[in-house]
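# Summary of the model geometry
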Amino acid sequence: MTTTPSVRPEQDALVTEPLLVPGRNCWRTGACTRLAFAAGAQAQALALREALEAARKTVFIVGWHVDSRTRLPANGSAPAAALGDLLLARLHAVPGLRVYVLAWDFSMLYSAQRQWPPVYRQAWPDHRRLVHRLDARHPAGGAHHQNFVVVDDALAFVGGLDLARDTRQGDARPAPADAPGERNLQVVFDGGAAAWMGELARERWQASAGRPVARLSRTPASDAAHPWPPSLAPTVRDVTVGIARTAPAYGGRPGVGEIRQLYLDAVSHARHSLYLENAYFTAQALAGALTQRMREPAPPEVVLVTQRDATGWLDERAMQVLRARACAEIGEADGAGRFQVFAPVTAPADGTSSVRNKLLLVDDELICIGSANVNNRSFILDTECQVVVAANGRDDVRAALAHLRAELVGARLGQTAAEVATATAQDGIAQAIITADPDAKTLAPFTPQASVEDDALVGPGVWLDSERPVAPERLIDQFMSDVAAPRARRRAVLVGLVLALVLVMGLWRWTPLSDYLSLGFLMSLGYALKALPYAALAVVGCYVLGGLIAMPITVLIAASGLVFGAWQGGWYALAGTMLSALVTYGVGRLLGRDTVRRLAGPRINALSERIASQGILAMVVLRVLPVAPFSLVNVMAGASHISLRDYLVGTFLGMAPGIVLTVSFAHQLARAMEDPDALSIAIVVAAAVGLIVAAWGIQRGVDALGRARQRKDAARAQDAPVGGETV
């Protein structure tokens with residue numbers, strides 16, 4: 001059987017026009033002399049090491065997470081080395097070299113998989129020409145998610161390998177490896193396109209740090225001095241690379257949605273096939289565009305390879321539900337069976353996603369690869385970067401793209417690229433996968449589904465994967481009660497709060513009070529309190545005082561672990577956090593808040609009540625998402641519909657895993673610096689086990705809550721009078 005290409009009549013003209021239009025669906029286009037598709041984590045890691053060892057001027061490492069302990073493989077006679085050690089050696093060898101590392105300033109939600117911030121800062125080598133920064137310059141709920149490396153403005157690595165180790169695997173983790181059947185993909189290129197990636201790195205650095213990085217001369221490097229890795233053979237030569245971005249509106253900068261538009265244009269231009277690999281598939285705009293294509297008389301074949309299970313309870317509660325809805329919407333419009341979803345049947349032992357590529361292949365004409373997930377966040381809210389390579393009429397590029405797709409699919413089927421290409425030419429991509437040897441392949445058809453309980457918990461406009469930045473005041477307003485404090489008291493309290501806020505800001509700004517935020521000062525204070533007979537009460541009191549003046553809770557928790565150790569410090573931190581949360585909740589309860597009904601109508605108040613009915617889940621989410629400071633969330637909750645019971649339970653479930661990890665890692669760091677032994681490793685293992693148990697408990701608790709709510713609603717429905725309303 002041979003499939004007939006699906007082509008819309010108007011597309012014969014469309015495909016002759018360039019898809020990439022700067023200012024519409026890409027930021028810049030640039031020429032490159034060499035471009036390689038590096039498939040496989042080991043090949044990528046070796047190529048990166050070779051490039052870093054040839055760096056002479058600048059290195060930009062930009063990622064969602066960048067870990068100094070990531071091990072890069074041996075290079076010739078040089079043994080495997082940690083990323084931080086390798087960079088330090090190069091800095092010593094090349095006096096003019098500068099290294100810039102930019103990662104996301106993450107929330108407690110991901111603390112199990114990341115270096116804890118104080119450890120992160122100390123783990124990176126101390127060198128005046130190596131600067132590392134945690135990027136927090138994004139809207140509430142957003143993240144810095146770009147993933148690329150630029151060497152000397154002459155070579156760029158985009159997509160593919162995360163320079164991060166999972167902290168649950170121990171310090172001796174070898175160089176990153178692919179999951180079973182997976183080919184982690186990265187695009188590597190030079191020339192003017194790489195120079196534009198250097199410009200993008202400088203723009204993001206300036207947006208985050210508020211200061212620029214000097215630009216290099218555009219004089220091309222000689223072949224002898226060029227950092228192109230010797231182990232990596234170019235796939236194609238002399239092509240144009242497009243660079244597309246997502247950047248949310250923030251701090252006076254307008255938002256950028258080039259990646260979203262690029263995907264929509266790619267769907268519109270597709271003639272024969274669309275092949276996607278992505279762990280997520282929840283973008284409403286893309287689902288709508290694919291739904292429209294499926295309604296056509298001859299739609300293109302669309303193959304989605306996505307992960308089967310979520311990697312965390314939050315993903316399961318939100319992203320899997322939204323993916324199931326998106327796939328169902330497309331499937332309902334697909335009368336010809338052209339939309340097919342597949343998922344790996346195996347997963348890495350560490351529990352991470354087995355679909356790490358973020359790529360789109362359109363026919364044999366275009367590939368888009370980078371950091372962006374196919375979800376609303378990556379299209380609107382997070383900072384992302386995708387690069388695009390188009391054939392533009394060149395047969396050698398078409399052949400390279402067709403071979404790459406066959407190689408990626410073949411790795412999951414246990415077949416060669418040639419075998420996959422033959423099967424695809426006869427029956428299409430989906431049939432080539434379905435008819436492959438079931439004993440050899442690691443890919444199977446998959447129908448995304450969500451449980452009734454999860455679907456009920458996730459509303460249609462869930463802000464966990466919002467199509468627009470989440471304004472803090474908008475999120476807070478959703479939780480506010482319509483029970484107002486008396487007008488005179490409200491005015492007096494408002495004036496008092498404003499004056500107190502101005503006073504505290506002035507004290508932090510113009511007095512030595514800001515020094516009290518330092519970890520060193522808090523440790524000194526902790527050692528002084530440790531000698532007191534009532535040390536526990538004194539430490540808990542510091543937490544309460546810190547909450548009232550809005551001190552960062554993470555710094556207090558870290559100091560507790562460093563001074564009092566993992567177990568005693570953990571109990572102090574947990575007790576202090578909960579009491580501080582209770583006191584500041586009481587402050588919010590005393591203040592009250594006017595309803596926003598006059599401003600936004602009854603719909604917002606109804607939404608507030610609906611969220612309040614899921615109070616525990618709402619509080620857990622607020623604790624683990626970087627939405628607002630700890631004290632602000634507490635005061636907000638006190639003035640909201642959320643009950644004290646749900647507030648305290650949600651706070652405990654949301655904060656306890658992060659507290660355990662923070663104090664354990666802090667204590668382990670202190671012990672390792674004083675007297676390294678096996679105990680510090682045991683504490684890390686215990687922290688990981690504790691996190692797993694806590695995550696399991698949270699999931700079971702949320703499941704039970706959802707079932708209880710459903711039973712309660714069903715009972716109310718049965719008790720409701722016929723034809724009337726219940727109040």
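Description of the structure in this document. Per chain, residues are indexed from 1 in the order of the written sequence. With pLDDT at 70 or above as the cut-off, local features in this predicted model cover only qualifying residues; side-chain atom pairs require 80 or more to be listed or tallied, and sums for whole chains, interfaces and linings still use all residues. With hydrogens and water excluded, all non-hydrogen atoms of the structure serve as input to the side-chain values.

## Focus: unusual backbone geometry
- Positive phi is not limited to glycine here, since D152 has a value of about 55°.
- Relative to the helices and strands, D152 resides in the loop between β7 (148-151) and β8 (155-158).
- The backbone of N392 sits at a positive phi, close to 50°, despite the residue not being glycine.
- Buried means the residue's accessible area, taken with a 1.4 Å probe over protein chains only, is under 20% of the maximum for its type, while exposed means over 50%, and partly exposed covers the values in between. On the basis of relative accessibility, which here comes to 56%, the residue N392 falls in the exposed class. Under the DSSP-based scheme used, a helix requires at least four consecutive residues in state H or I and a strand at least two consecutive residues in state E, with every element numbered from the N terminus.

## Quick word on the nonpolar core
- By convention a nonpolar core is built from buried Ala, Val, Leu, Ile, Met, Phe, Trp, Tyr and Cys residues, the set being connected through side-chain atoms within 4.5 Å. Formed by 55 residues in total, the largest nonpolar core has its most connected members in L35, F148, F189, M197 and V387.
- The residues contacting F148, other than those within four sequence positions of it, are F60, I61, V62, F157, V158, M197, L200, A201 and C385.
- Formed by 37 residues, the second largest nonpolar core is a distinct cluster that contains L286, A287, C327 and A343. In this analysis, two residues are considered to be in contact whenever any of their non-hydrogen atoms come within 4.5 Å of each other.

## Considerations on the side chain of D152
- The positive count covers Lys and Arg only, the negative count covers Asp and Glu only, and His and the chain ends enter neither. By definition here, a salt bridge exists when the distance from a side-chain nitrogen of Lys or Arg to a carboxyl oxygen of Asp or Glu is within 4 Å. This buried residue, D152, is left without a salt bridge; R56 holds the nearest opposite charge, at 5.8 Å.
- A polar atom in the side chain of D152 sits 2.7 Å from the backbone nitrogen of K57.
- Dropping the residues within four chain positions of it, D152 is found in contact with A54, A55, R56, K57, T58, L216 and P227. Counting of polar contacts relies on pairs of N or O atoms within 3.5 Å, with two restrictions inside protein: one atom must be capable of donating a hydrogen and the other of accepting it, and residues adjacent in sequence are counted only when both atoms are side-chain atoms.

## Re the packing of helix α18 (residues 535-548) against helix α19 (residues 553-564)
- Here the axes come from fitting lines to C-alpha atoms, over the contacting stretch only for helices, and the angles between their N-to-C directions go from 0 to 180 degrees. The contact between α18 and α19 brings their axes to 10 Å, and the two run at 165°. Here α18 is positioned roughly antiparallel relative to α19, judged by the angle of their axes. Considering only the axes of α18 and α19, their crossing is right-handed. Across from V539, Y543 and G546 in α18, the residues of α19 making contact are I553, L556, I557, S560 and F564.
- Polarity classes work like this: nonpolar for Ala, Val, Leu, Ile, Met, Phe, Trp, Tyr, Cys and Pro, charged for Asp, Glu, Lys and Arg, and polar for all others, with Gly in that last group. The residue inventory of the contact of α18 with α19, partitioned by class, reads 6 nonpolar, 2 polar and no charged. Our angle categories are set so that under 35 degrees counts as roughly parallel, over 145 as roughly antiparallel, 65 to 115 as roughly perpendicular, and the remainder as oblique. Each crossing gets its handedness from the near helix: less than a right angle anticlockwise from the far helix is left-handed, clockwise is right-handed.

## Topic: empty space enclosed by the protein
- Buried and open spaces are told apart on a 1 Å grid over the protein atoms alone, a cavity being a set of points where a 1.4 Å probe fits but cannot get out and a pocket being an open set with protein on both sides within 12 Å along at least five of seven lines. Residues with an atom within 4 Å of a point are the lining residues. Grid points are joined across faces, edges and corners, and a volume is the space filled by probe spheres set on the points. Summed over the entire model, instances satisfying the criterion amount to 4 cavities of 30 Å³ or more.
- Estimates place the volume of the largest cavity at around 80 Å³.
- Where the lining of the largest cavity is concerned, the elements lending two or more residues are α2 (41-52), β2 (58-62) and β7.
- Of the residues contributing to the lining of the largest cavity, the split by class is 9 nonpolar, 4 polar and no charged.

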